[in-house]
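The primary structure of each chain is shown beneath.
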Amino acid sequence: RTLIETENLTYTYPNGPAALAGVSLRIEAGSKTAIVGPNGAGKSTLLLMFNGMLRPDRGEIRFAGRPIAYDNRSLRDLRRRVGFVFQNPDLQIIAPTVEADVAFGPLNLGLPPDAVRKAVRDALGYVGLQGYERRPPHHLSGGEKKRVAIAGILAMEPDVLVFDEPTNTLDPASAEEVMELLDELASSGRTVLISTHDVELAYRWADSAILMERGRILARGSPEEVFSDP
Ligand code: ADP
Ligand code: ADP
């Protein structure tokens, strides 16, 4: 089943280059998809469109069969269903304690206090940070901050989790932990989408790969198909 489908997306930043130059793709529900390409290929730009943070100049994005709409109510609904984890967790973590940070999303959704507490507890347990509730996030390690950011997204129970360069700022051990977490998320039925410049990582982790360069898709398919030499 196709969950996200794009048709001929184009996007040019104000005073900038053409970041997307006609991108058509499909993301299958429950897949582990990696968007792979060098710096500047347009990966982040594309990902930001999946939860409506950027709107294409031209083209269409369908989520669960329906074109994304850009009124406030539709965007709020879309952003609950498509969670976005930024490359740099410092941009995403906003509250003075881990608990308050993870609670931010569910509070924003208007959940009652009991449900918020449960969502926070479940999400922190999932990422292995139970007991961190009162800690100030900014004193945590890079890997721990990343997991706080992931917990904050999970607490909203999204169908899709989008990770922009999930391991870029992490040491190898934390990177490995985060990728295992992404595996578990996919095993539990969520759709997981990452961008990466790391072909090795995509090859090891993804079941579906999309190769991008200069705002275009060069190849897509299984990692074996996409990355084997012709
Ligand atoms: P990637 O994620 O693959 O590194 P990006 O989507 O970040 O690629 O960038 C695609 C192109 O758009 C690059 O040329 C980049 O410099 C440019 N770009 C990205 N963000 C902005 C921005 N906010 N303003 C202007 N140009 C941008
Ligand atoms: P990424 O590959 O994840 O976009 P970057 O380090 O390229 O990471 O970009 C970090 C931030 O800077 C992003 O918010 C991106 O939109 C912005 N950015 C990237 N390229 C440009 C650019 N040429 N001009 C202005 N902003 C940019």
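Because the structure is a prediction, the values reported are computed rather than measured.

## Things to note about the site of ligand 1
Point 1. Around ligand 1, the surrounding shell consists of Tyr13, Pro17, Ala19, Pro38, Asn39, Gly40, Ala41, Gly42, Lys43, Ser44 and Thr45.
Point 2. Within the side chain of Tyr13, a nitrogen or oxygen atom sits 3.5 Å from a nitrogen atom of ligand 1.
Point 3. In the environment of ligand 1, an oxygen atom lies 3.3 Å from a nitrogen or oxygen atom belonging to the side chain of Asn39.
Point 4. Bound to the protein, ligand 1 loses 61% of the 560 Å² it would expose on its own.
Point 5. Spatially, ligand 1 is embedded in the second largest pocket.
Point 6. The greatest single-element share of the shell around ligand 1, amounting to three residues, is contributed by helix α1 (residues 43-50).
Point 7. A class-by-class count of the residues in the shell around ligand 1 yields five nonpolar, five polar and one charged.

## Looking at the site of ligand 2
Point 1. In the vicinity of ligand 2, the contacting residues are Asn39, Ser44, Gln87 and Asp164.
Point 2. One of the side-chain N or O atoms of Ser44 is found 3.0 Å from an oxygen atom in ligand 2.
Point 3. Between Gln87 and ligand 2, the recorded distance is 2.7 Å, taken from a side-chain N or O atom to an oxygen atom.
Point 4. Taking 540 Å² as the accessible area of ligand 2 by itself, protein coverage stands at 24%.

## Points about the packing of helix α3 (residues 98-108) against helix α5 (residues 142-154)
Each packed pair of helices is defined by two parameters, the angle between the axes and the distance between the axes.
Point 1. Interaxial distance between α3 and α5 falls to 7 Å at its minimum, and their mutual angle equals 35°. The chirality of how α3 crosses α5 is right-handed. Residue-level inspection shows Val98, Asp101 and Val102 of α3 in contact with α5, the latter providing Val148, Ala151 and Gly152.
Point 2. Here the residues of the contact of α3 with α5 sort into four nonpolar, one polar and one charged.

Rules behind the numbers
Residues numbered from 1 in each chain as written. Chains lettered and ligands numbered in written order. Predicted model: local features only at pLDDT ≥ 70, side-chain atom pairs only at ≥ 80, totals over all residues. Heavy atoms only, no water. Near = heavy atom within 4 Å. Polar contact = N/O pair within 3.5 Å; in protein donor to acceptor, adjacent residues only side chain to side chain. Areas by Shrake-Rupley, 256 points an atom, 1.4 Å probe, with all protein chains shown as cover. 1 Å grid on protein atoms, 1.4 Å probe; cavity = no way out; pocket = protein on both sides within 12 Å on 5 of 7 lines; lining within 4 Å. Sits in = over half its atoms within 2 Å of the grid points. Helix = DSSP H or I, 4+ residues; strand = E, 2+ residues; numbered from the N terminus. Nonpolar A, V, L, I, M, F, W, Y, C, P; charged D, E, K, R; others polar. Axes fitted to C-alpha atoms, helices over the stretch in contact; angles between N-to-C directions. Left-handed = near helix turned anticlockwise from the far one by under 90°. Contact = heavy atoms within 4.5 Å.

Treat this as a map of the structure, not an account of what it does.
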